[in-house]
Every structure is written in C-alpha cells, then in structure tokens.
Amino acid sequence: MPFPNSSELSPSFILASIPGLEAAQSWMAIPLCSAYVLAVAGNGAVLLVVRLEPSLHTPMYFFLCMLAAIDLALATATVPRILSFYWFDAREISFGACLLQMFLIHALSAVESSVLLAMAVDRYVAICHPLRHAAVLTNAATAKIGLVAMARGVLFFLPLPLLLLPLPFCGSRLLSHSFCLHQDVMNLACANTTPSVVYGLTAILLVMGLDAVLICLSYLLILKAVLRLAAWKERFKVFSTCIAHICVVLAFYVPLIGLSVVHRFGRDLAPLVHITMGNIYILVPAVLNPIIYGVRTKQIQRRILSLI
C-alpha cells in the first residue's frame, strides 16, 4: 500500500473568492471591515456600560454581556482572517488553523444559542412568575448558566474537528466560504464521512434545534400570560419588554437557517450567494445586537451618551 503524501496528511485549504471580482476584493473588504469595527465598538460599549452602571447589574444585562462577548469572539475569529485574504490575497489556510476556526465558529454559535434560551427563560420567569424572579435568577445562578452554556458548546462541538482530523483530502481544496465551516470542509474529504455527517446533524439538532423549540415554548407561555391581562395597554407594556430579545433571536436564527439551507439545497448557486450568506451569518448578529438593545434600553442610551 502506498503511503499518503504530506499534503494528504496535513492539507491546506483555499478560501473562496467571487469569480470575476478578484481585482475588486480590496474594495469589497471596506464594508466588511466597517461592519467589524461597528460590531467591536457596539459590543465593547455594551460591556463597558454594564460594567460601569450599577443599576444594570441584573441577570438580564449579565446575559446581554455574555451575548456581546460571544459576538466579539465569533467576529474576531473570522473577520480578520477574511480581511487578510481580501487585502493581502492570503487565500491559503492551514489544516490546523481551519479546524480551529471551524471549532470556534460552531462552539461559539452553540454558546450564543444557549444564552438566548437563558434570556427567554429570564423573560418567562419575570412575566409569568414575577415574585419568584429575584429568588430564581440570582447573580450566582446567572454565572452558573453561563458556565454551563460554555461547557455545552465545547463538549458538543469538540468532536467535529476530531472526526475530520484523520480523513484524507486528496481532491479539491477550494472552500465555499471565506472561512471554515464543518459542512464545507467535510465535503472535500475523499473518504467516508458518514460518522461526521451523523454527529454534526445530531449536535445541531440537540443544541440549536432544541434551543429554538424551547424559546418558542417560552414565548407561547408568555403570550398566554399576557393575553390574560384585561387592558390592551397593559398587555403591550408587558410584552414590549420581550421585543428586543425577539429581534436578537431572529437576528441569530434567520441567518443560521439561511446558511443551512444554502449548504443543503444551494450547491448549484453562484459563489456570491454562499460567501454573502456566510458573512451575514458571522456579522449580522454581532452588529445588530448592541443596536437593538441600545435602542430599546434607556439606561444604556443615557450611559453611552454620558460617556460620549
């Protein structure tokens, strides 16, 4: 049996570019860089404001800080590498760097999904059981939830790169995105990927899928409690406390579902669609989340204006 060559044992991958627009990549990176700067500034401002404002030291805003930190980490794990590709034509990414980036993207997405579920539970307890809210969701309980969310993301998605590690890559090395995703890398392997497919689908269903179902269930119970109120003004006032969280949930799950659909059914679509959906998935939540909570929360608005 011939031994595999070194490129098969430790391959490198080629990040995707838009055919015909290679010369304009440096200009296309400008809006991407602007979005990244906006994401860093917005999420950094949320972390700073909650740190400096004692009245915001409550579970809801601690969860918001977790969300901001996750978005910062997720954007930083991908966007600088994309910009180096667009500006310096660094298209090649090593196998180890690709697996690390892939793990960070999936694990941090799982942690963000868990935090969104915890925020939905926080809204449910605050509206449906207001007298028990302070006793149930203490600061210590909030910290434990954050640790559980982190452990859940790591434990569920650490096997993904480990399953890809022994696979040979002897064909095309061209990815569909400007960063590494599990489905994308897995499709380039020239071996049986059934275990990786099954585990990846199972992990996504048990984490993001289950979280989405539980978030919907939480809001059904909240809606049921709100409809019991007699006055429409009171109903709107109570439910308006959930609007920001609903927008954040949509900003996370809609790009996630869109990217999954493109991977599953859009193999014949133009490369521009894949690259655009990937960038939206990475940057839209990170850019929109601080804007949504900044607009909806007067304490954050006042503190940011005072800092400015």
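Residues numbered from 1 in each chain as written. Predicted model: local features only at pLDDT ≥ 70, side-chain atom pairs only at ≥ 80, totals over all residues. Heavy atoms only, no water.

*Asks:* Give me the overall build of the chain: which residues, what numbers.
*Replies:* The helix and strand inventory of the chain stands at 13 helices and two strands. For the chain, the C-alpha radius of gyration of 21 Å lies close to 19 Å, the compact-globule estimate for 308 residues. Seen along its three principal axes, the alpha-carbon backbone of the chain occupies a region of about 75 × 40 × 35 Å. Counting only residues that meet the buried cut, the chain has 46% of its 308 residues in that class. Taking contacts inside the chain between residues at least 6 apart in sequence as the whole, the part at least 24 apart equals 80%. (Helix = DSSP H or I, 4+ residues; strand = E, 2+ residues; numbered from the N terminus. Rg over C-alpha atoms; globule rule 2.2 N^0.38 Å. Buried < 20%, exposed > 50% of the residue type's maximum accessible area, 1.4 Å probe, protein only. Contact = heavy atoms within 4.5 Å.)

*Asks:* Could you give me a rundown of the pattern of salt bridges, with the residues and numbers involved?
*Replies:* For the structure on display, the rule yields two salt bridges. For Arg123, the salt bridge is made with Asp122, and the minimal N-O distance between the two is 3.1 Å. As far as burial versus exposure is concerned, Arg123 and Asp122 are alike and both buried. A salt bridge links Asp211 to Arg152; its shortest N-O distance comes to 2.9 Å. One end of the pair, Asp211, is in helix 9 (residues 194–227); the other, Arg152, is in helix 6 (residues 139–157), and 59 residues separate them in sequence. Its relative accessible area of 0% is what places Asp211 among the buried residues. (Salt bridge = Lys/Arg side-chain N within 4 Å of Asp/Glu carboxyl O.)

*Asks:* Give a description of empty space enclosed by the protein that names residues and reports values.
*Replies:* Tallied over the entire structure, the rule returns one cavity of 30 Å³ or more. In this structure, the largest cavity encloses a volume near 30 Å³. In this structure, the largest cavity is lined by Asn43, Val46, Leu64, Leu67, Ala68, Asp71, Asn289 and Pro290. At the level of elements, helix 2 (25–52), helix 3 (59–88) and helix 12 (271–296) are the ones that each hand at least two residues to the lining of the largest cavity. Residues that form the lining of the largest cavity fall into these classes: five nonpolar, two polar and one charged. (1 Å grid on protein atoms, 1.4 Å probe; cavity = no way out; pocket = protein on both sides within 12 Å on 5 of 7 lines; lining within 4 Å. Points joined across faces, edges and corners; volume = space filled by probe spheres on them. Nonpolar A, V, L, I, M, F, W, Y, C, P; charged D, E, K, R; others polar.)

*Asks:* Give a detailed account of the nonpolar core, specifying residues and quantitative values.
*Replies:* Among the nonpolar cores identified, the biggest contains 82 residues, and Phe13, Val115 and Leu116 are the most heavily contacted of them. Ranked by residue count, the leading element in this core is helix 4 (residues 95–128), at 17 residues. Contacts of Val115, omitting those with residues within four sequence positions, involve Phe63, Met66, Leu67, Ile70 and Ala149. (Core = buried A, V, L, I, M, F, W, Y, C linked by side-chain atoms within 4.5 Å.)

*Asks:* So, the UniProt feature "domain: G-protein coupled receptors family 1 profile" (unreviewed entry) in the chain: which residues are in play, and what are the values?
*Replies:* The feature "domain: G-protein coupled receptors family 1 profile" (unreviewed entry), as given by UniProt, occupies residues 42–293 in the numbering adopted here. Between the C-alpha atoms that bound residues 42–293 there is a distance of 10 Å. The span itself is 79% helix and 1% strand. (UniProt positions renumbered as here; feature names shortened; annotations may be inferred.)

*Asks:* Got a sec to walk through the packing of helix 3 against helix 4? Specific residues and values, please.
*Replies:* Geometrically, a packed helix pair is captured by the angle between its two axes and the distance between the axes. One way to put it is that helix 3 packs onto helix 4 with a least axis distance of 10 Å and a crossing angle of 160°. Judged by the inter-axis angle, helix 3 sits roughly antiparallel to helix 4. Considering the relative orientation of helix 3 and helix 4, their crossing is left-handed. Split into classes, the residues belonging to the contact of helix 3 with helix 4 amount to 17 nonpolar, three polar and five charged. (Axes fitted to C-alpha atoms, helices over the stretch in contact; angles between N-to-C directions. Parallel < 35°, antiparallel > 145°, perpendicular 65-115°, else oblique. Left-handed = near helix turned anticlockwise from the far one by under 90°.)

*Asks:* Describe in detail the environment of Val254, supporting the description with residues and values.
*Replies:* The topology assignment puts Val254 in helix 11 (residues 243–265). Distance in space between the C-alpha atoms of Val254 and Tyr281 is 8.5 Å, their sequence separation being 27 residues.

*Asks:* I'd love a proper account of the packing of aromatic side chains, names of residues and values included.
*Replies:* The description of two aromatic rings rests on the distance between their centres and on the angle between their planes. Evaluated as defined, the whole model comprises five aromatic pairs. Taking the centre distance of 6.0 Å and the plane angle of 45° together, the rings of Phe13 and Phe95 count as tilted. Of the two residues, Phe13 is situated in strand 1 (residues 12–14) and Phe95 in helix 4; the sequence distance between them amounts to 82 residues. Side by side, Phe13 and Phe95 carry an identical accessibility label, which is buried. Members of the aromatic cluster, each reached through a chain of ring pairs, are Phe13, Phe95 and Phe169. Here Arg235 stacks its cationic end above the ring of Trp232, 4.5 Å away from the centre of that ring. (Phe/Tyr/Trp six-rings, centres within 6.5 Å; stacked < 30°, edge-to-face > 60°. Lys NZ or Arg CZ within 6 Å of the ring centre and 35° of its normal.)

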